[in-house]
Amino acid sequence: MPRKLPNTLYLSLVTVDPDSAVPLYRQIYQGLRDAIIAGRLTAETKLPSTRDLATIWGVSRNTLRNAFDQLIAEGYLEAIVGRGTFVAEARMRQPALQAVDNGERIRPISNIGHYLEPFGRNVRHARSRGNAFAVGIPDKQTFPHEIWNRIVNRCQRRQQSTTYSREFKGIPALREAIASYLISARGVRCSAEQIDIVPGAVSGMLVTTLALLNPGDQAWLENPSYINIGGLINYRGAEVVPVPVDCQGLDVQAGIDRAPNARLAYVTPSHQYPLGVTMSLARRQQLLGWAADNHAWIIEDDYDSEFRYDGPPITALQGLDTDQRVIYVGTFSKVMFPSLRLGYVVLPPDLVDVYTGVKLPMTLHAPTLLQAAVAEFMLEGHFVRHIRAMRKHYQACRDALITAVARHLAGAITLGAHDCGMHVVGYLAAEFDESTVVNAANKLNIAITPLSNDYLAPPKKAGIIIGLANVRPDEIDGYIAQLAAAIL
Ligand SMILES: Cc1ncc(COP(=O)(O)O)c(C=O)c1O
């Protein structure tokens with residue numbers, strides 16, 4: 001059976017540096033060859049089309065064909081007419097479990113280590129792209145730094161203990177503050193006992209998937225989706241089942257058709273990441289019904305729903321759940337700032353001990369000083385005030401973006417759903433190439449990202465994800481005018 005890897009993985013598998021003296025086709029040839037030799041790409045893996053790979057790596061299809069021709073000539077790849085290009089059998093290392101260093105010492109690493117190593121390499125090569133319109137990063141200028149610093153200093157002075165906290169689930173003051181916020185602002189039904197504080201929502205979701213999935217289980221993922229979630233499912237050796245998203249959110253029937261017995265569904269119902277749509281009530285009920293009938297779990301990732309501009313925030317899916325199937329996950333990364341590394345998980349009561357048991361050896365507990373500071377920030381009312389101010393700020397950015405795109409890029413870019421959240425998708429007209437637009441934007445210090453990177457499977461839509469942060473509303477017209485001049 002041919003294997004297929006998520007297209008997004010190829011982004012980190014080969015690092016293409018346009019400024020390098022090594023020709024682009026040679027960089028791609030070497031990157032793919034190394035991946036095959038190291039067993040990261042195994043025999044029978046079907047490569048994405050040259051068009052998709054050209055988009056992912058920001059090169060021309062000709063460059064890619066040159067690299068492919070070389071790899072085919074050397075026997076690493078095999079082109080089968082009418083079927084595509086595959087990793088050839090003869091070059092696969094069996095087993096793909098070991099790395100050999102230059103001194104010929106065997107350095108065994110796990111399959112998952114092999115699989116995820118390219119992500120690590122990518123981090124090493126990560127370069128700053130500038131900040132305007134950064135996706136998923138909150139605006140730093142509007143944060144009340146003085147108030148926050150005062151609170152942190154006060155908590156630091158007060159903190160007596162330097163040993164491990166016994167409050168592994170998080171300090172009670174913060175869990176209470178989060179519970180009352182979620183009940184009133186998000187329609188979540190919970191008590192502080194169900195809340196676990198984690199160093200970031202993603203680590204909470206990792207604990208959740210380790211607690212709930214067995215190797216070989218299937219998990220629905222919205223397609224497109226937040227890229228890190230596929231990695232979490234893969235950690236567990238579980239199978240990612242991409243489920244399409246339309247204007248009503250996750251297409252539940254398509255999920256049922258593809259994998260009716262999946263153990264888990266990951267969704268962003270309030271504000272789909274990245275497309276920005278809201279899951280309709282009918283779909284919410286259908287999803288909850290499927291989960292209840294099939295003993296499946298749902299992870300609700302509610303990462304930025306506080307910022308809704310054309311009405312009050314949509315309440316959480318968790319609040320509709322009568323069968324305790326939803327694990328609700330929230331983060332302070334968007335409403336405060338991401339380097340804080342604090343998030344939380346709201347668990348069904350019967351999962352609390354299972355989850356805590358899995359979490360302990362991984363993280364013990366989140367930093368208590370920051371937990372105490374966030375609790376005070378919430379209790380003194382700064383949290384809600386800050387959200388209100390940010391909502392106003394992002395709304396002004398969104399309005400300016402709509403006006404600027406209509407003025408400078410009409411016909412080239414069509415904005416997607418934009419009634420909520422910290423980013424908007426711009427769909428590209430057929431004649432525009434994603435990587436050309438993204439590269440042109442990055443040169444202008446506009447940190448947009450390609451939409452197709454977030455797809456786990458075709459069909460993909462070409463577009464860009466435009467963050468609403470780190471740009472003032474009155475600067476937006478200028479940036480968009482510059483982008484238009486560069487690409488039209
Ligand atoms: C959809 C989604 N979920 C979760 C997160 C990350 O949350 P955290 O920073 O708390 O790990 C992000 C961050 O960009 C996100 O976009």
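Here the structure is a predicted model, which is why all the values come from computation and not from measurement. (Residues numbered from 1 in each chain as written. Predicted model: local features only at pLDDT ≥ 70, side-chain atom pairs only at ≥ 80, totals over all residues. Heavy atoms only, no water.)

Points about helix H3 (residues 50-57)
Here is step 1: For H3, the buried fraction is high: seven of the eight residues fall into the buried class.
Here is step 2: Those residues of H3 that fall on the buried side of the exposure criterion are Thr50, Asp52, Leu53, Ala54, Thr55, Ile56 and Trp57.
Here is step 3: The inward-facing, buried residues of H3 abut helix H1 (7-13), helix H2 (24-37), helix H4 (61-73) and helix H15 (434-443).
Here is step 4: In the segment just after H3, Gly58 is the residue with positive phi, at about 65°. (Buried < 20%, exposed > 50% of the residue type's maximum accessible area, 1.4 Å probe, protein only. Helix = DSSP H or I, 4+ residues; strand = E, 2+ residues; numbered from the N terminus. Contact = heavy atoms within 4.5 Å.)

Let's talk about the state of the cysteines
Here is step 1: Tallied over the full model, the rule gives zero disulfides.
Here is step 2: Note on Cys190: no disulfide assigned, nearest cysteine sulfur contributed by Cys420 at a separation of 20 Å.
Here is step 3: Free of any disulfide, Cys247 has its nearest neighbouring cysteine sulfur in Cys420, separated by 16 Å. (Disulfide = S-S within 2.5 Å.)

Concerning the domain arrangement of the protein chain
The extent of an interface is frequently quoted as the accessible surface area lost upon association of the parts.
Here is step 1: Domain annotation of the protein chain identifies domain 1 (7-125), domain 2 (162-381) and domain 3 (385-487).
Here is step 2: Placing a centre on the C-alpha atoms of domain 1 and another on those of domain 2 gives a separation of 34 Å. (Domains from an automatic or database assignment.)

Thoughts on the sheet that holds strand E6 (residues 218-223)
Here is step 1: Taking strand neighbours across the sheet as the criterion, the eight strands line up as E5-E12-E11-E10-E9-E6-E7-E8 in an open arrangement whose pairing is mixed. Across the chains shown, the open sheet's two edge strands, defined by having one partner strand only, are strand E5 (195-198) and strand E8 (249-250).
Here is step 2: Here four bridges tie E5 to strand E12 (residues 343-346), and the two strands are oriented antiparallel to one another. Residue Ile195 lies in a different strand from E12, and its bridge partner there is Val346.
Here is step 3: In this fold helix H7 (residues 172-186) packs onto E5, strand E11 (326-331) and E12, with an angle of close to 110° to the strand it touches most, E5. (Pairing = 2+ DSSP bridges. Axes fitted to C-alpha atoms, helices over the stretch in contact; angles between N-to-C directions.)

Some details on the packing of H2 against H4
Here is step 1: For the pair H2 and H4, the least separation of the axes is 8 Å and the interaxial angle reads 45°. On the basis of their axis angle, the class for H2 and H4 is oblique. For the pair H2 and H4, the sense of crossing is right-handed. Counting all contacts with H2, which are made through Leu24, Tyr25, Ile28, Tyr29, Leu32 and Arg33, the residues of H4 involved are Thr63, Leu64, Asn66, Ala67, Phe68, Gln70 and Leu71. (Parallel < 35°, antiparallel > 145°, perpendicular 65-115°, else oblique. Left-handed = near helix turned anticlockwise from the far one by under 90°.)

Things to note about the site of the ligand
Here is step 1: Around the ligand, the structure places Gly200, Ala201, Val202, Tyr226, Tyr266, Tyr273, Asp301, Tyr303, Thr331, Ser333, Lys334 and Arg341.
Here is step 2: Contact distances for the ligand include 2.7 Å between an oxygen atom and a backbone N or O atom of Ala201.
Here is step 3: Contact between the ligand and Lys334: an oxygen atom at 2.7 Å from a side-chain N or O atom of the residue.
Here is step 4: When the free accessible area of the ligand is taken as 400 Å², the share hidden by the protein chains comes to 91%.
Here is step 5: Residues belonging to the shell around the ligand are distributed by class as follows: six nonpolar, three polar and three charged. (Near = heavy atom within 4 Å. Polar contact = N/O pair within 3.5 Å; in protein donor to acceptor, adjacent residues only side chain to side chain. Areas by Shrake-Rupley, 256 points an atom, 1.4 Å probe, with all protein chains shown as cover. Nonpolar A, V, L, I, M, F, W, Y, C, P; charged D, E, K, R; others polar.)

A closer look at the packing of H7 against helix H13 (residues 368-379)
Here is step 1: Between H7 and H13, whose axes approach to 8 Å, the crossing angle comes to 40°. The angle between H7 and H13 falls in the class oblique. Crossing hand, H7 versus H13: left-handed. Contacts between H7 and H13 involve Ala173, Leu174, Ala177, Ile178 and Tyr181 from the former and Gln371, Val374, Ala375, Met378 and Leu379 from the latter.
Here is step 2: Within the contact of H7 with H13, the residues separate by chemical class into nine nonpolar, one polar and no charged.

Observations regarding the environment of Arg166
Here is step 1: Mapped onto the secondary structure, Arg166 falls in the loop between helix H6 (145-158) and H7.
Here is step 2: Residues Arg166 and Leu364 lie 198 residues apart in sequence; the distance between their C-alpha atoms is 9.3 Å.

Thoughts on the packing of aromatic side chains
Here is step 1: All chains considered together, the criterion is met by 13 aromatic pairs.
Here is step 2: Look at Tyr226 and Tyr273: their rings are 5.8 Å apart centre to centre, the planes differ by 80°, and that puts the pair in the edge-to-face class. Here Tyr226, found in the loop between E6 and helix H9 (227-235), pairs with Tyr273, found in the loop between strand E9 (264-267) and helix H11 (281-294); they are 47 residues apart in sequence, far enough to count as distant.
Here is step 3: Summarising the aromatic geometry, the rings of Phe332 and Tyr344 are spaced 5.5 Å apart at their centres and angled 65° between planes, so their arrangement reads as edge-to-face. Taken together, the positions of Phe332 in the loop between E11 and E12 and Tyr344 in strand E12 put the pair 12 residues apart, joining distant regions of the chain.
Here is step 4: Overall, Phe332 belongs to the buried group, its relative accessible area being 1%.
Here is step 5: Site record: aromatic cluster; members linked through ring pairs are Phe143, Trp148, Phe337 and Phe377.
Here is step 6: The cationic tip of Lys461 hangs over the ring face of Tyr427; the distance from NZ or CZ to the ring centre is 5.3 Å. (Phe/Tyr/Trp six-rings, centres within 6.5 Å; stacked < 30°, edge-to-face > 60°. Lys NZ or Arg CZ within 6 Å of the ring centre and 35° of its normal.)

Observations concerning the sheet that holds strand E14 (residues 423-428)
Here is step 1: As summarised here, the arrangement of the four strands in space is E13-E14-E16-E15, forming an open sheet in which the pairing is antiparallel. Of all strands in the sheet, those bounded by a partner on one side alone are strand E13 (413-415) and strand E15 (449-450).
Here is step 2: Relative to strand E16 (residues 463-467), E15 runs antiparallel, the two sharing two bridges. Its bridge partner being in E16, Pro450 is matched across the sheet by Ile464.
Here is step 3: On top of the sheet, helix H14 (residues 382-408) reaches E13, E14 and E16; it is set at about 150° to E13, its chief contact.

Digging into the environment of Asn234
Here is step 1: For Asn234, the location among the structural elements is in helix H9.
Here is step 2: Considered as a pair, Asn234 and Pro215 are 19 residues apart in the sequence and their alpha carbons are 8.9 Å apart.

Some remarks on the environment of Val471
Here is step 1: Mapped onto the secondary structure, Val471 falls in the loop between E16 and helix H16 (473-487).
Here is step 2: For the pair Val471 and Asn131, spaced 340 residues apart in the sequence, the C-alpha separation amounts to 8.2 Å.
Here is step 3: Sequence-distant contacts of Val471, that is, excluding residues within four places in its chain, are made with Phe133, Asp139, His393, Cys397, Ile476 and Tyr479.

Looking at the nonpolar core
In summary, soluble globular proteins display a tendency toward joint burial of nonpolar side chains.
Here is step 1: In terms of nonpolar packing, the biggest core is built from 73 residues, with Phe133, Trp148, Phe332, Met336 and Leu401 touching the most fellow members.
Here is step 2: Per-element tally for this core: the top contributor is H14, with nine residues.
Here is step 3: Built from parts of two domains, this core gets at least three residues from each of domain 2 (162-381) and domain 3 (385-487).
Here is step 4: Ignoring sequence-local partners within four residues, the contact set of Phe133 consists of Leu401, Ile446, Ala447, Ile448, Ile466, Gly467, Ala469, Asn470, Val471, Ile476, Tyr479 and Ile480. (Core = buried A, V, L, I, M, F, W, Y, C linked by side-chain atoms within 4.5 Å.)

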